[in-house]
Amino acid sequence: RSDARRLIQALEQERVRSFVPAGNIAYAYAGLGDPDPVFHWLELGLEDHSEILTGLRADAGWGLVQKDPRFSRVLERVGLRP
């Protein structure tokens, strides 16, 4: 978990300097099972059209956040039916 958090921190810092898709950061938080930052970064991913969002329904890596009602709303906004 600490390695994953360091990786996320590095991605967030890199995003200040260059383009890092927000959806990728959301995915990393999903791996930690940390829903609030997942949905924060998913919102930003919707804005930057993160390609990873096209696989929201099919990728089990989203884990427990798939059961969160906010996930269905994100699916709708991406154009994937919940």
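Right, let's walk through the structure included here.

Reading the values: the criteria
Residues numbered from 1 in each chain as written. Predicted model: local features only at pLDDT ≥ 70, side-chain atom pairs only at ≥ 80, totals over all residues. Heavy atoms only, no water. Helix = DSSP H or I, 4+ residues; strand = E, 2+ residues; numbered from the N terminus. Buried < 20%, exposed > 50% of the residue type's maximum accessible area, 1.4 Å probe, protein only. Phe/Tyr/Trp six-rings, centres within 6.5 Å; stacked < 30°, edge-to-face > 60°. Core = buried A, V, L, I, M, F, W, Y, C linked by side-chain atoms within 4.5 Å. Contact = heavy atoms within 4.5 Å. Axes fitted to C-alpha atoms, helices over the stretch in contact; angles between N-to-C directions. Parallel < 35°, antiparallel > 145°, perpendicular 65-115°, else oblique. Left-handed = near helix turned anticlockwise from the far one by under 90°. Nonpolar A, V, L, I, M, F, W, Y, C, P; charged D, E, K, R; others polar.

**Quick notes on unusual backbone geometry**
Phi at His49 is positive, roughly 55°, even though this residue is not glycine. As for its placement among the helices and strands, His49 is situated in the loop between helix H3 (35-47) and helix H4 (69-78). We classify His49 as exposed; its relative accessible area is 67%.

**Overview of the packing of aromatic side chains**
Applying the stated rule across the entire model yields two aromatic pairs. Both rings, one in Tyr27 and one in Trp62, keep their centres 5.0 Å apart while their planes meet at 80°; by these two values the pair is edge-to-face. Remark: Trp62 occurs in the loop between H3 and H4 and Tyr27 occurs in helix H2 (residues 22-32); sequence separation between them is 35 residues.

**Let's talk about the nonpolar core**
Tyr29, Val38, Leu42, Leu56, Trp62, Val65 and Phe71 are the most contacted members of the largest nonpolar core, which totals 20 residues. Breaking this core down by element, the ones donating at least two residues are H2, H3 and H4. Among the elements that make up this core, the one with the highest residue count is H2 (six residues). When neighbours within four sequence positions are excluded, Val38 is seen to be in contact with Ala26, Tyr29, Ala30, Trp62 and Val65.

**Topic: the environment of Arg81**
Among the structural elements, Arg81 can be located in the segment after H4. The spacing of Arg81 and Val65 is 16 residues in sequence and 16 Å in space, taken between C-alpha atoms.

**So, the packing of helix H1 (residues 2-17) against H2**
Close contact between H1 and H2 brings their axes to 10 Å; oriented N to C, the two are set at 165°. If you check the angle between H1 and H2, you find them roughly antiparallel. Where H1 crosses over H2, the handedness of that crossing is left-handed. Counting all contacts with H1, which are made through Ala4, Arg5, Ile8, Leu11, Glu12 and Arg15, the residues of H2 involved are Ala22, Ile25, Ala28, Tyr29 and Leu32. Of the residues that constitute the contact of H1 with H2, the class distribution is eight nonpolar, no polar and three charged.

So yeah, pure geometry; function would need other evidence.
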